[in-house]
Amino acid sequence: MYIVPEREIAGLMTREAAFSAVEQVFAAMASGDAYNFPVIREAIGHEDALYGFKGGFDQAGLTLGLKAGGYWPNNLEKRGIINHQSTVFLFDPDTGKAKAMVGGNLLTALRTAAASSVSIKHLAREDAKVIGMIGAGHQATFQLRAALEQRSFEKVIGWNLHPEMLPNLAKVAAEAGLPFEAVELDGMTEADMIISITSSFDAILGAGQVSPGTHVACMGTDTKGKQEVDPQLLVKADVFTDEVAQSITIGEAQHAVGQGLIQESDVAQIGAVINGTHQGRTSDDQITLFDGTGVGLQDLAVAASVVDLAIEKGIAIEVDF
Ligand code: NAD
């Protein structure tokens, strides 16, 4: 089997490659060529960590495997390492033999940013100019960098529970030559596109703080009990997701569905929009909301392309296993 260590990922994977791997796998999921296994995600009662497994099989790409890992909220402060930690394992679908072990930290950030970017490409208004960020942690910078490539944005606005982290967003905006403004949540009505990427367990963004025509990508809620937006926003919006089963159980839609405000059938797969079997956005006034829960197939797709590149470049470490 091959090992591709975390330190090699930055030199191998690009935002463009992550975007196309994720767009393809979302399309394959909607056409029934690829499916995710049920997610295991547990609060392990140690270091406040959430740990779990996300796996799946892509019959079209012949990618089988899982990502193991999660979120250790004390890592950065206590140990100076990022809070998200994960590893991807790939298996040969013909034999079941282990094929590769790949560092999953940077890949997770790239594939998560690619997911919201895919949603922006397919659901945001073409003339979107102001992007609003809720969250300013590790993933937020990746989200913003990737999102800015999707439309001709002219301004970045941001809110974070911990305002001292907002310079993280200002730095990415500056790199792109754009102004950054810290706003109160009511100020989010200026945004044409909003990304939320926090570890919140309570609604942050109110339904009245989103203007008609906005596309909202809720990217932080990936566990039962987590929440970033008022469930009434999902009533007002057309709701899309990576995987409906995850959206209604561990994603943002868990709350609106649990409270009986919307039904499972109100949540559409983004892959159907990519494949052209769902019309997606139909008017400039419509609020669209992407519930990005993060699926195992995304991880497998980006990991598989990294392994191919690492073998090609002679970087992959081959071990007898
Ligand atoms: P991080 O620790 O670097 O940043 C956390 C962010 O959440 C910061 O902006 C912080 O200020 C904010 N925050 C913390 N506690 C909060 C609270 N109680 N209320 C509101 N905001 C709060 O984490 P990160 O690596 O940037 O990850 C952010 C979130 O994204 C995590 O919850 C993680 O599980 C989730 N995530 C989702 C996916 C996906 O595919 N959907 C992938 C990776 C990470």
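Here is what the cut-offs are and how they apply
Residues numbered from 1 in each chain as written. Predicted model: local features only at pLDDT ≥ 70, side-chain atom pairs only at ≥ 80, totals over all residues. Heavy atoms only, no water. Helix = DSSP H or I, 4+ residues; strand = E, 2+ residues; numbered from the N terminus. Rg over C-alpha atoms; globule rule 2.2 N^0.38 Å. Buried < 20%, exposed > 50% of the residue type's maximum accessible area, 1.4 Å probe, protein only. Expected span 1.5 Å × (residues − 1). Lys, Arg positive; Asp, Glu negative; His and termini not counted. Salt bridge = Lys/Arg side-chain N within 4 Å of Asp/Glu carboxyl O. Polar contact = N/O pair within 3.5 Å; in protein donor to acceptor, adjacent residues only side chain to side chain. Contact = heavy atoms within 4.5 Å. Near = heavy atom within 4 Å. Areas by Shrake-Rupley, 256 points an atom, 1.4 Å probe, with all protein chains shown as cover. 1 Å grid on protein atoms, 1.4 Å probe; cavity = no way out; pocket = protein on both sides within 12 Å on 5 of 7 lines; lining within 4 Å. Sits in = over half its atoms within 2 Å of the grid points. Points joined across faces, edges and corners; volume = space filled by probe spheres on them. Nonpolar A, V, L, I, M, F, W, Y, C, P; charged D, E, K, R; others polar. Domains from an automatic or database assignment.

## Things to note about the overall build of the protein chain
Item 1. Scanning the protein chain from terminus to terminus reveals 11 helices and 18 strands.
Item 2. Its C-alpha atoms give the protein chain a radius of gyration of 19 Å, within 12% of the compact-globule value 20 Å for 321 residues.
Item 3. Referenced to the eigenvectors of the C-alpha coordinate spread, the extents of the protein chain come out at roughly 55 × 40 × 40 Å.
Item 4. For the protein chain, the proportion of its 321 residues judged to be buried stands at 56%.

## Remarks on helix α4 (residues 105–123)
Since the α-helix advances by 3.6 residues per turn, residues separated by three or four positions end up pointing in the same direction.
Item 1. Between its first and last C-alpha, α4 extends 27 Å over 19 residues, near the 27 Å set by a 1.5 Å rise per residue.
Item 2. The buried fraction of α4 amounts to 17 of the 19 residues, a majority that puts the element mostly inside the structure.

## Concerning the side chain of D242
Item 1. Mapped onto the secondary structure, D242 falls in the loop between β15 (238–241) and α8 (244–247).
Item 2. Notably, D242 is buried but unbridged: the nearest opposite-charge side chain belongs to R111, and the N-O separation is 6.7 Å.
Item 3. There is a polar contact of 3.2 Å between the side chain of D242 and the side chain of T241.
Item 4. Setting aside residues no more than four positions away along its own chain, D242 makes contact with F26, M29, Q269, I270, F290, D291, G292, T293, G294, V295 and Q298.

## Concerning the site of the ligand
Item 1. Not every one of the 27 residues close to the ligand is listed here, only the nearest: Y71, R111, N160, H162 and K226.
Item 2. Here an oxygen atom of the ligand sits 2.7 Å away from a polar atom, N or O, in the side chain of N160.
Item 3. Here an oxygen atom of the ligand sits 2.6 Å away from a polar atom, N or O, in the side chain of H162.
Item 4. In isolation the ligand has 860 Å² of accessible area, and contact with the protein removes 88% of it.
Item 5. Cavity membership is defined here by more than half of the atoms lying within 2 Å of grid points; on that basis the ligand lies in the largest pocket.
Item 6. Mapped by element, the contributors of at least two residues to the shell around the ligand are α4 and α5 (138–147).
Item 7. With three residues, α4 is the single largest residue contributor to the shell around the ligand.

## Comments concerning the environment of P179
Item 1. Counting through the fold element by element, P179 comes out in the loop between α6 (167–175) and β10 (180–182).
Item 2. With 48 residues separating them in the primary sequence, P179 and I131 have C-alpha atoms 11 Å apart.
Item 3. If sequence neighbours within four positions are ignored, P179 has contacts with E154, K155, V156 and A173.

## With respect to the layout of surface pockets
Item 1. By volume, the largest pocket amounts to about 1200 Å³.
Item 2. Lining the largest pocket are 49 residues, and of these Y71, Q139, I197, T198 and S199 sit closest to its centre.
Item 3. Of all the secondary structure elements, the ones that give two or more residues to the lining of the largest pocket are β3 (40–43), β4 (50–58), β5 (63–71), α3 (75–79), β6 (84–91), α4 and α5.
Item 4. Looking at the lining of the largest pocket element by element, the count peaks at five residues for β5.
Item 5. Per-class residue counts for the lining of the largest pocket are 17 nonpolar, 25 polar and seven charged.
Item 6. Split by domain, the residues of the lining of the largest pocket number at least three in each of domain 1 (2–108 + 297–318) and domain 2 (125–293).
Item 7. Its volume calculated, the second largest pocket comes out at about 390 Å³.
Item 8. Every element with two or more residues in the lining of the second largest pocket is listed here: α2 (15–30), β5, β6 and α11 (296–312).
Item 9. With eight residues, the top contributor of residues to the lining of the second largest pocket is α11.

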